[in-house]
Amino acid sequence: MKKSQKTIESILAGYPRHPQNLIGLLQDVQAEYNYISPEHLALICDHVGAPLTQAWSVATFYKSFSLEPRGEHEIKVCLGTTCHLKGGNRLVETCERDLGVARGQTTEDLRFTLDTVNCLGSCALAPVVMVDEDYLGGANIRSLKKRLSKLE
Amino acid sequence: MPKFESVDHLQQYRRQLQASRDPNQPQVLVCSGPGCLPMGSIEVAAAFREELGKNGLNGKVLLKECGCQGLCARAVKVLIRPQEIAYQEVTPEDVPEIVEATLKNGQLVERLIYEHPLTQEKAAFKADIPFYKGQMPIVLRKLDIIDPQSLDDYLALGGYRALRKALTGMSPDEVIDAVEQSGLRGRGGGGFPTGRKWRVCQEALSDIKFIICNGDEGDPGAFMDRAVMEGDPHAVLEGMIIGGYAIGAKQGYIYVRHEYPLAVTHLNKAIDQARECGFLGKNILRSGFDFDIKISRGAGAFVCGEETALIASIEGYIGEPTPRPPYPAESGLFDYPTIINNVETWANIPEIINMGAEWFAAIGTENSKGTKVFSLVGAVNQTGLVEVPMGTTLRQIVFELGGGLRPDRQFKAVQTGGPSGGCIPEQFLDLPVDYDSLQSVGSIMGSGGMIVMDNTSCTVDVARYFISFLHDESCGKCTPCREGTKHLLHILDEIIAGRGEEEHLTLMEELCDTMASSSICGLGMSAPNPVRSTIKYFRDEYLAHIRDKKCHALVCRPLLKYTIDPETCTGCLACVRECPVGAITGKKKLPQDLDQELCVKCGLCYEACQFEAVKVE
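Just so it is clear, the structure is predicted and the values come from calculations on it, not from any experiment. (Residues numbered from 1 in each chain as written. Chains lettered and ligands numbered in written order. Predicted model: local features only at pLDDT ≥ 70, side-chain atom pairs only at ≥ 80, totals over all residues. Heavy atoms only, no water.)

Explain the overall build of chain A residue by residue, including any values.
Along its length, chain A carries seven helices and four strands. Ordered by position in the sequence, the α and β elements of chain A form the string α-α-α-α-β-α-α-β-β-β-α. In terms of overall dimensions, chain A has C-alpha extents of about 50 × 30 × 25 Å along its principal axes. For chain A, the proportion of contacts with a sequence separation of at least 24, taken over those separated by at least 6, is 61%. Here chain A displays about 7,100 Å² of accessible surface, and carbon together with sulfur accounts for 51% of that area. One way to put it: in chain A the 17 positive side-chain charges average out to a point 9 Å from where the 18 negative ones average out. (Helix = DSSP H or I, 4+ residues; strand = E, 2+ residues; numbered from the N terminus. Contact = heavy atoms within 4.5 Å. Areas by Shrake-Rupley, 256 points an atom, 1.4 Å probe, with all protein chains shown as cover. Lys, Arg positive; Asp, Glu negative; His and termini not counted. Charge placed at Lys NZ, Arg CZ, Asp CG, Glu CD.)

Now the structure itself:
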């Protein structure tokens, strides 16, 4: 997780007050803080002039938003078609066992978030796992375990 | 970069640019496409930078990090121009040797050249590599030539010439005529004639109109649009500006999925450059035409690839589709007439304007013109991006370009069209691929994902995978899709768990008919395709799951049984160490026991065993 640098005020200032900017603002806040807190959600609604219900529906509809704090390290196991055929699911299971957390969840100590994604667009290297910003292509259980152990 | 005040100014600048470039200058192009980037292309490029500097070759040899070079299976790829030597699987450690042998002494590094996966035939030059033979790159043509972040590179190759031609020599009507006559159909999947769509929008009475580029490439197994947006962003912009001129729009949007951060970076940079040079903004090239482009990032919803859902998303709402008509060409973004085309469609536009409609219409089949980019992935030896004329057969794509399958595997099917497509069996391998032929065998063109499956893939599992995906991604607005995917998934789960009945097949077919005829949008209407096509062509596999409770591909876990052969087991305990549930017990150097009650059928023991003592059926 990168250290928060921009304040919520400066993020808001970058967008005109129009409901069309709701998603863009949510994305920026998500990127900066790794999740969208209730306070930030309320501030965004005030700024763009959208009801809280709309912001809530948007924030829960799209997959890239999280209303809970995320872990320091994000592990995304690709389950696109090719990765599925090449055993992506077993990689998820390996992560679940190694990190002690179910898919879509964050460890209690906020160190790891384990997610599955529909496709990272790196299908030629399937199966693929993303550990923070790094891709692990042609992954197998051994190489994944090795990569995860480097995170501890 | 100068701001181009007129078409003559642009012409003059381009001539100077081309004259200043030596076609024989040695160039190193490090592929930084979706396949090579994760495999360390940045490190390879850095190694070249250092090594060229050390050898005093800075300025003499040009180093570029370019877009996708196609053959992703051999990442990281490096192309040496002007000879077009295609090095493969290059690591930073190989770089000093390439610089010394090839760049300084004009010799090949034999161990880094292409080798055919089956025949072991070698080829050093791009033109001799079977993967590239038979391709006809139009959209991908510039990807291994230009630096995507250099507008000069794009201009030197004739970039924005089509815009100049449209703005100075063609009326909006003539532009639409050309697109119509070219026979171009939407590359996002639907295959609607692009020119006809533009005409409807042009004729719509409104002062405000919009252009949208759909870069929400959501089909799992597809990365064509990502490669184009990252590798040749100006082509997309040029297409959109021409489109804006044709229909009379002043504002364009590019909707890019958030999983593609590099595409956003490259597009943003290209937009800034285009504004600076006067290809975007007010009074473009002094033609009186104003146009600008904004980027709208997707937020992770597959359904937003559907045009009405995408429009809702740009407006700031959840991505729920709305019934059509009215079509976006009549009433789209903020209720104004809107043209929405996919990335590949836009990238074709400049070429059509440059080369003429007849040129484009001469490529392809009767009703599908031009080329199509496919992402060829799965159980094929040479995975990557290919661009072939419409009408190329599946056999050519999979076995000639793709280099076939591993010798110990048998071909089972090709899955095209993403979750909305179907599985095409071996009997149709000689089918010329176009919009209509794929539809006639129960699949669709889709955006161009082509996933090859061999005998280790189970078609029932594949159908379940797609239905599970669509169930997850269904927005929930209309009942046929929301409930249909849910129940299809439930039935498929029953079959995979060994509780299937033959009536389930009829029930699924009925459900499919209802979904196809009554869902609001394409997601629900085409969701039945994976189920229908697998039941149609692979009924035997379903019956094996239902009657015999067997999955012959050894994929569906509840139907598998792992055992340890006491004759071959050496008692090395490798499996014991891997088993996550402690189901394997026994003394060292003695045959092990596997407790069937505890076994979760994860298959880790099977992989760990080096003596083939773990059996599965």
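After presenting the structure, the write-up continues.
Could you give an account of unusual backbone geometry, with specific residues and numbers?
Residue and element names in this part refer to chain B. Cis rather than trans, the peptide bond between A75 and V76 has omega equal to -5 degrees. As for its position among the elements, V76 is in the loop between β2 (62-66) and β3 (78-81). For N283, which is not a glycine, the phi torsion comes out positive at approximately 50 degrees. Take N283: it is sitting in the loop between α10 (261-277) and β9 (292-297).

An account of helix α6 (residues 172-182) of chain B is needed here, citing residue identities and associated values.
Residues and elements named next belong to chain B. Residues V175, I176, A178, V179 and S182 constitute the buried set of α6. All buried residues of α6 lie within an arc of 155 degrees about the axis, which places them on one face of the element. The inward-facing, buried residues of α6 abut α5 (161-169), α7 (194-203), α9 (233-247), α12 (343-355) and α13 (357-361). One or two steps after α6, the chain reaches G183, where phi turns positive at roughly 80 degrees. (Buried < 20%, exposed > 50% of the residue type's maximum accessible area, 1.4 Å probe, protein only. Arc of directions from axis to C-beta.)

Describe in detail the sheet that holds β3 of chain B, supporting the description with residues and values.
All names here are of chain B. Read from one edge to the other, the open sheet built from four strands follows the order β2-β1-β3-β4, with strand pairing classed as mixed. Every other strand in the sheet has two partners, leaving β2 and β4 (85-87) as the edge strands with one partner each. Here the average twist between neighbouring strands, direction ignored, is 20 degrees. (Pairing = 2+ DSSP bridges. Axes fitted to C-alpha atoms, helices over the stretch in contact; angles between N-to-C directions.)

Quick rundown of the nonpolar core? Include the residues and the values.
All names here are of chain B. Grouped together as the largest cluster of nonpolar side chains are 78 residues, with contacts concentrated most on Y160, W198, F279 and F291. The greatest single-element share of this core, amounting to nine residues, is contributed by α9. Grouped together as the second largest cluster of nonpolar side chains are 41 residues, V386, I397, V433 and M453 included. (Core = buried A, V, L, I, M, F, W, Y, C linked by side-chain atoms within 4.5 Å.)

I'd like to hear about the pairing of strand β11 (residues 371-378) of chain B, residue by residue, with values.
All names here are of chain B. Counting buried residues in β11 gives eight out of eight residues, a clear majority hidden from the surface. The sheet contact formed by β11 and strand β12 (residues 384-389) spans six bridges and is antiparallel. Bridge pairing links V373 to E387 in β12. Joining the antiparallel neighbours β11 and β12 is a turn of five residues. Sheet analysis places β11 next to strand β15 (residues 449-454), joined by four bridges and oriented parallel. Looking at the pairing, S375 lines up with G449 of β15.

Pulling in residues and values, what's your account of the interface of chain B and chain A?
It is common to give the size of an interface as the accessible area that goes away when the parts come together. Contacts between the two partners involve 53 residues from chain B and, on the opposite side, 37 residues from chain A. If you sort the residues of chain B by the area they bury against chain A, R297, A299 and Y465 of chain B come out on top, with a joint share of 16%. Connecting chain B to chain A are five salt bridges. One salt bridge connects R90 of chain A with E607 of chain B, and the closest N-O pair in it is separated by 3.1 Å. Here chain B is connected to chain A by 25 residue pairs in polar contact (both at pLDDT 80 or more). Among the secondary structure elements, those contributing two or more residues to the side of chain B that touches chain A are α11 (307-314), β11, β15, α16 (459-473) and α23 (604-608) of chain B. Element by element, the count of residues in the side of chain B that touches chain A is highest for α16 of chain B, at seven residues. (Buried area = accessible area lost by both parts, 1.4 Å probe. Salt bridge = Lys/Arg side-chain N within 4 Å of Asp/Glu carboxyl O. Polar contact = N/O pair within 3.5 Å; in protein donor to acceptor, adjacent residues only side chain to side chain.)

Describe the domain arrangement of chain B, with residues and values.
Residues and elements named next belong to chain B. Each assigned domain of chain B is listed here: domain 1 (21-129), domain 2 (152-361), domain 3 (371-454), domain 4 (459-546) and domain 5 (561-616). Here the C-alpha centre of domain 4 lies 22 Å away from the C-alpha centre of domain 3. Tallying the contact residues gives 16 residues for domain 3 and 13 residues for domain 4. Interface of domain 3 and domain 4: buried area, both sides summed, is about 1,200 Å²; carbon and sulfur atoms make up 65% of it. (Domains from an automatic or database assignment.)

Before we move on, could you go through the pairing of β3 of chain B and cite the residues and values that matter?
Residue and element names in this part refer to chain B. Side chains of β3 alternate between two faces, with V78 and I80 and L79 and R81 buried alike. Pairing of strand β1 (residues 27-31) with β3 involves four bridges; the strand directions are antiparallel. Within β3, the residue paired with V28 across the bridge is I80. Direction of pairing for β3 relative to β4: antiparallel, over a ladder of three bridges. Note on β4: the bridge partner recorded for V78 is Y87. Linking β3 back to β4 in an antiparallel pair, the connection comprises three residues, with E84 at a positive phi of about 65 degrees.

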